[in-house]
Amino acid sequence: MKVYGVTNVKGGAGKTHTTVHLAHQAAQEGMRVAVLDLDPTRQSVNWIELAGLGIPALHIDIKQADLEAYIGQLRSEGDFDAVFIDTPANDRDAALETLMVSDVAVIPVGVGTSDTGMLGTTERQVKRAMQLRPDLRPFILINRAKFAPARERETVEECLKTGFPVLGARVPLRGDYQAAAGKMPQGQHYAEVWREVNA
Ligand SMILES: Nc1ncnc2c1ncn2[C@@H]1O[C@H](COP(=O)(O)OP(=O)(O)OP(=O)(O)O)[C@@H](O)[C@H]1O
Ligand SMILES: [Mg+2]
C-alpha cells in the first residue's frame, strides 16, 4: 500500500482537485484506492460521492483520530493499493501528520495565485518530515499552467528553490477543471502526473 499525501498549507492551490483526479486515475488503472479527507469541509468526500466514483472516501478529524494508527491498520489489512490524503488549508498539524504517514507528497502550486508565498511553510514541513522519514518523495505539481507563461516561469523558479522536483506534467488553467467538482474527472493531464509520480 502506498500513501499519497496532497499538501500545501495555502488555500485553493488545487489539493482537492489533485486528490480526486489522481485517485480516479489510479482506480481507472485497476488499483484498489481509498481517499482520506482531513478537511472539515469534506470536499473530496462530497465530490467522490456526488460523482459516484465508487472510491471509498472517509472524512477524518485528526483532532479526534490517530492518523498514524489508522494508516497502520490499513496497511496491515492490505485492502488498498493506494491511499490518497487530502488536507485542509492553513492547518499545519494536518499537513505534518499527513507527511509523516505518506510515501509520496504531491504539492500543488498554482500559477499567479500567490501560492508560492506560503511555499516556505510547506517546504519546512516536508523537510522536517524527511528528517524522520528519508524515503518520503515530494513532488511539486504546477497547477493553473499554460495561461501566463512569464508568471509560470517565475512560479517554477520559486518552486525549484525548495530543492524538490517539479513535475514536468502540469495541469492547465481550464474552465472544465474549474467546474470539475462533483463531476466525473475528465482531463488527461492527471494521467501524466500519475505516471510521473510513480516513475
Ligand atoms: N487547473 C485548474 N483550472 C481552473 N480552475 C482550477 C484548477 N484547479 C483548481 N481550480 C479551481 O480552484 C479552486 C481551488 O481548487 P481546490 O479546491 O482543488 O483547491 P484546494 O487546495 O483543495 O483548496 P482548499 O485549500 O480550500 O481546500 C476551485 O474553485 C477549483 O475549481
Ligand atoms: Mg481542498
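Predicted, not measured: the structure shown is a model, and the values here were computed from it. (Residues numbered from 1 in each chain as written. Chains lettered and ligands numbered in written order. Predicted model: local features only at pLDDT ≥ 70, side-chain atom pairs only at ≥ 80, totals over all residues.)

J.: So what's going on with the overall build of the chain? Which residues, and what values?
T.: When helices and strands are tallied, the chain shows 8 helices and 7 strands. Rg of the C-alpha trace for the chain: 15 Å, near the compact-globule value of 16 Å for 199 residues, within the 12% margin. Principal-axis analysis of the C-alpha atoms gives the chain an extent of 45 × 35 × 30 Å. Among the 199 residues that make up the chain, the fraction classed as buried is 43%. Within the chain, contacts between residues at least 6 apart in sequence are counted, and of these 77% link residues at least 24 apart. (Helix = DSSP H or I, 4+ residues; strand = E, 2+ residues; numbered from the N terminus. Rg over C-alpha atoms; globule rule 2.2 N^0.38 Å. Buried ≥ 20, exposed ≤ 12 C-beta atoms within 10 Å, placed from the backbone. Contact = placed C-beta atoms within 7 Å.)

J.: Summarise the site of ligand 1; cite the residues concerned and give the values.
T.: Close to ligand 1 lie 19 residues; Lys15, Thr16, His17, Ala89 and Gln178 are nearest. Elements with a contribution of two residues or more to the shell around ligand 1: helix H1 (15–28), strand E6 (137–145) and helix H7 (175–178). The leading source of residues in the shell around ligand 1 is H1, at 3 residues. By residue class, the composition of the shell around ligand 1 is 7 nonpolar, 8 polar and 4 charged. (Near = placed C-beta within 6 Å. Nonpolar A, V, L, I, M, F, W, Y, C, P; charged D, E, K, R; others polar.)

J.: I'd love a proper account of the environment of Asp103, names of residues and values included.
T.: In this fold, Asp103 is placed in the loop between helix H4 (92–101) and strand E5 (104–110). Looking at Asp103, the number of C-beta atoms within 10 Å reads 15, which means it is partly exposed. Distance from Asp103 to Pro138, taken between C-alpha atoms, is 8.6 Å for residues 35 residues apart in sequence. Sequence-distant contacts of Asp103, that is, excluding residues within four places in its chain, are made with Lys2, Val3, Leu136 and Arg137.

J.: Summarise the nonpolar core; cite the residues concerned and give the values.
T.: Counting 52 residues, the largest nonpolar core has Ala23, Ile55 and Phe84 as its most contacted members. Here the element with the most residues in this core is H1; it accounts for 5 residues. Discounting chain neighbours no more than four positions away, the residues touching Phe84 are Tyr4, Val6, Thr19, Leu22, Ala23 and Val35. (Core = buried A, V, L, I, M, F, W, Y, C linked by C-beta atoms within 7 Å.)

J.: Residues and numbers for the environment of Glu77, please.
T.: Its location among the elements puts Glu77 in helix H3 (residues 67–77). When the 9 C-beta atoms within 10 Å are taken as the criterion, Glu77 is described as exposed. A C-alpha to C-alpha distance of 9.8 Å links Glu77 and Met1, two positions 76 residues apart in sequence.

J.: Any chance you could break down the sheet that holds strand E3 (residues 57–59) for me, citing the residues and the numbers?
T.: The strand order across the open sheet built from 7 strands is E3-E2-E4-E1-E5-E6-E7, with neighbouring strands paired in parallel fashion. The open sheet has two edge strands with one neighbour each: E3 and strand E7 (171–172). Note: strand E1 (residues 2–6) against E5, 3 bridges, orientation parallel. The partner of Tyr4 across the bridge, within E5, is Val104. (Pairing = 2+ DSSP bridges.)

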